[in-house]
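Residues per chain, in single letters:
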Amino acid sequence: MAEQAPTHWHLLGILKENQRNYCSGPALASQLSISRTSIWKHIQKLRSAGYSIHSHPRLGYQLIAVPDLLLPEEIIPHLKTSAFARTYVHIFEVGSTNDHALSLASHGAPHGTVVVAEQQTKGRGRLRRPWESAPHHGIYLSIILRSPLPPDQAPPSTQVAALALAKVLRRDYELPATIKWPNDILIENRKVAGILTEIQSDQDLVRFMVIGIGINVNHTASDLRGPFRYPATSLARELQHHVERQGLLLTFIHQFEADYRRFLAQGFEAIRCELEEASAILGKTVKITRGQEDFSGKALGFTSQGALRLLTREGKEIIVWVGDVSQVETDL
Ligand code: BT5
């Protein structure tokens, strides 16, 4: 990153390296080339962000606990991405991270900007359906993408995000995550995450996209009361233990950037196989609703552009670009 990290991040770095010990005020002051009063002010800043720091009149300062928050201090120093999250906006409470990101994008925020909130009061899904966003339990994230794609090549970006998340959940958490086309991540038929993509385009080119991802991480059963269109779950419920959100967010951002770059360079074909393997619906009979229309048929796979191929009961293959899968039945 070209920008210099703020002083309190350096201070935090030193406290973390010496977490078992106290760091004396004068030693910190000389290491950072600032006064002891400034050290104290930066300590106060870290405390107000949620870090628990013990101070001893003679021994100095000791970091006791790092807050379970998606603070830039905990994310940015670990980034190895080239664009994703290089601009990172963390908010404690917001209506919807997608709305916030759309507004930042319309004011010129760069490609890869990430907006993360600890809580959403008006989180939304497709068709303005509500997205339950319990404070501090989930990951509510929106990412701004500025790729010069023709408008008809942008929608598969949702599937790239879905694939990246499913891969992380399978590889790093050993969960049988699958993708219910086009935007749901399921674990054994229960929805653990949803994706909402919003696109602003001119006639020939996408101006920007905002991809919003909501992940149920440490939600308990009572956080997921619904009523929901589909049974819901969280990672903690599936794994029976608390999941550290910072690590999950970081891994997802890296995986998404890698898969998105591959998609931009090689097109949808580059991810088609992986998507088909991770699909919750291929080979099954599904009912798809699009506006007032319903289609039923067997999901066969994806076209080279990312649309769903459906074999109707009449034996005709149709191509579906958008829709909601409302029923999935395994073929006998
Ligand atoms: C989605 O829509 O699944 C997309 C959800 C995207 C949420 C993220 S959070 C960050 C960003 N900022 C936003 O404002 N949104 C994005 P859809 O397929 O339409 O599903 C919505 C439906 O899922 C709702 O009507 C409920 O039935 C159900 N639902 C709501 N909250 C849920 C939750 N936490 N877990 C599982 N299902 C939920």
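All values reported here derive from a predicted model rather than from experimental measurement. (Residues numbered from 1 in each chain as written. Predicted model: local features only at pLDDT ≥ 70, side-chain atom pairs only at ≥ 80, totals over all residues. Heavy atoms only, no water.)

Visitor: In this structure, what is going on with the overall build of the protein chain? I would like to understand it.
Guide: Along its length, the protein chain carries 9 helices and 14 strands. Scaling as 2.2 N^0.38, a compact globule of 332 residues should have a C-alpha radius of gyration of about 20 Å, and the protein chain matches this with 22 Å. In terms of overall dimensions, the protein chain has C-alpha extents of about 80 × 45 × 30 Å along its principal axes. When each of the 332 residues of the protein chain is scored for burial, the buried share is 51%. For the protein chain, the accessible area works out to roughly 16000 Å², and carbon and sulfur atoms hold 50% of it. The averaged location of the 33 negative side-chain charges in the protein chain is 5 Å from the averaged location of its 36 positive side-chain charges. (Helix = DSSP H or I, 4+ residues; strand = E, 2+ residues; numbered from the N terminus. Rg over C-alpha atoms; globule rule 2.2 N^0.38 Å. Buried < 20%, exposed > 50% of the residue type's maximum accessible area, 1.4 Å probe, protein only. Areas by Shrake-Rupley, 256 points an atom, 1.4 Å probe, with all protein chains shown as cover. Lys, Arg positive; Asp, Glu negative; His and termini not counted. Charge placed at Lys NZ, Arg CZ, Asp CG, Glu CD.)

Visitor: Looking at this structure, how should I read the site of the ligand?
Guide: Near the ligand there are 28 residues, and of these Ser 96, Arg 124, Arg 129, Lys 191 and Arg 229 occur at the shortest range. The separation between an oxygen atom of the ligand and a polar main-chain atom of Arg 229 is 2.9 Å. Its free accessible area being 790 Å², the ligand has 97% of it covered by the protein chains. For the shell around the ligand, the secondary structure elements donating two or more residues are helix H5 (97–106), strand E5 (138–145), strand E8 (190–201) and strand E9 (206–216). Considered class by class, the residues forming the shell around the ligand number 9 nonpolar, 12 polar and 7 charged. (Near = heavy atom within 4 Å. Polar contact = N/O pair within 3.5 Å; in protein donor to acceptor, adjacent residues only side chain to side chain. Nonpolar A, V, L, I, M, F, W, Y, C, P; charged D, E, K, R; others polar.)

Visitor: Help me understand the sheet that holds E8, please; the structure alone is not making it clear to me.
Guide: Strands pair in a sheet through their backbones, by hydrogen bonds, and they do so in one of two ways: parallel or antiparallel. Pairing within the open sheet is mixed, and its 7 strands lie in the order E3-E4-E5-E9-E8-E7-E6. At either end of the open sheet lies a strand with only one pairing partner, and these are strand E3 (88–94) and strand E6 (177–180). The mean inter-strand angle of the sheet, taken between neighbouring strand axes irrespective of direction, is 20°. The pairing of E8 with E9 spans 9 bridges and is classified as antiparallel. In the sheet register, Gln 200 faces E9, and the bridge partner there is Phe 208. (Pairing = 2+ DSSP bridges. Axes fitted to C-alpha atoms, helices over the stretch in contact; angles between N-to-C directions.)

Visitor: Teacher, can you tell me more about unusual backbone geometry here?
Guide: In terms of backbone geometry, most residues other than glycine have negative phi values and most peptide bonds are trans. The peptide bond linking Trp 181 to Pro 182 adopts the cis configuration, its omega dihedral lying at -5°. The topology assignment puts Pro 182 in the loop between E6 and strand E7 (184–187). Pro 227 follows Gly 226 through a cis peptide bond whose omega is 10°. Note that Pro 227 resides in the loop between E9 and helix H7 (235–239). Look at His 136: it is not a glycine, yet its phi comes out positive at around 65°. Structurally, His 136 can be placed in the loop between strand E4 (114–120) and E5.

Visitor: What is the right way to read the nonpolar core from this model?
Guide: With 71 residues, the main nonpolar core has Leu 235 and Phe 256 as its most contacted residues. The greatest single-element share of this core, amounting to 10 residues, is contributed by helix H6 (residues 156–173). Setting aside chain neighbours within four positions, we find Leu 235 in contact with Leu 169, Leu 175, Ile 187, Val 192, Asn 216, Val 217, Gln 240, Val 243 and Leu 248. Listed in part, the 18 residues of the second largest apolar core include Leu 15, Leu 28, Leu 63 and Leu 69. (Core = buried A, V, L, I, M, F, W, Y, C linked by side-chain atoms within 4.5 Å. Contact = heavy atoms within 4.5 Å.)

Visitor: Where do I start with the pattern of salt bridges in this structure?
Guide: In a structure, side chains of opposite charge can pair up when their charged atoms sit close to one another. With the rule as written, the count across this model stands at 21 salt bridges. Across the salt bridge formed by Glu 198 and Arg 124, the nearest N and O atoms sit 2.8 Å from each other. Of this pair, Glu 198 sits in strand E8 while Arg 124 sits in the loop between E4 and E5, and the two are 74 residues apart along the sequence. Given the relative accessible area of 12%, Arg 124 is considered buried. (Salt bridge = Lys/Arg side-chain N within 4 Å of Asp/Glu carboxyl O.)

Visitor: Looking at this structure, how should I read the pairing of E5?
Guide: Walk down a regular strand and you will see the side chains alternate between the two sheet faces. Most of E5 is tucked away: 8 of the 8 residues are buried. Burial of E5 is two-sided: the residues Gly 138, Tyr 140, Ser 142 and Ile 144 facing one way and the residues Ile 139, Leu 141, Ile 143 and Leu 145 facing the other way are all buried. Two strands pair when backbone bridges link them, and E4 and E5 are joined in this way by 4 bridges, in the antiparallel orientation. Within the sheet, the bridge partner assigned to Ala 117 lies in E5 and is Tyr 140. Judged from the 8 bridges that link them, E5 and E9 form a sheet pairing that is antiparallel. Of the residues in E9, the one forming a bridge with Leu 141 is Ile 213.

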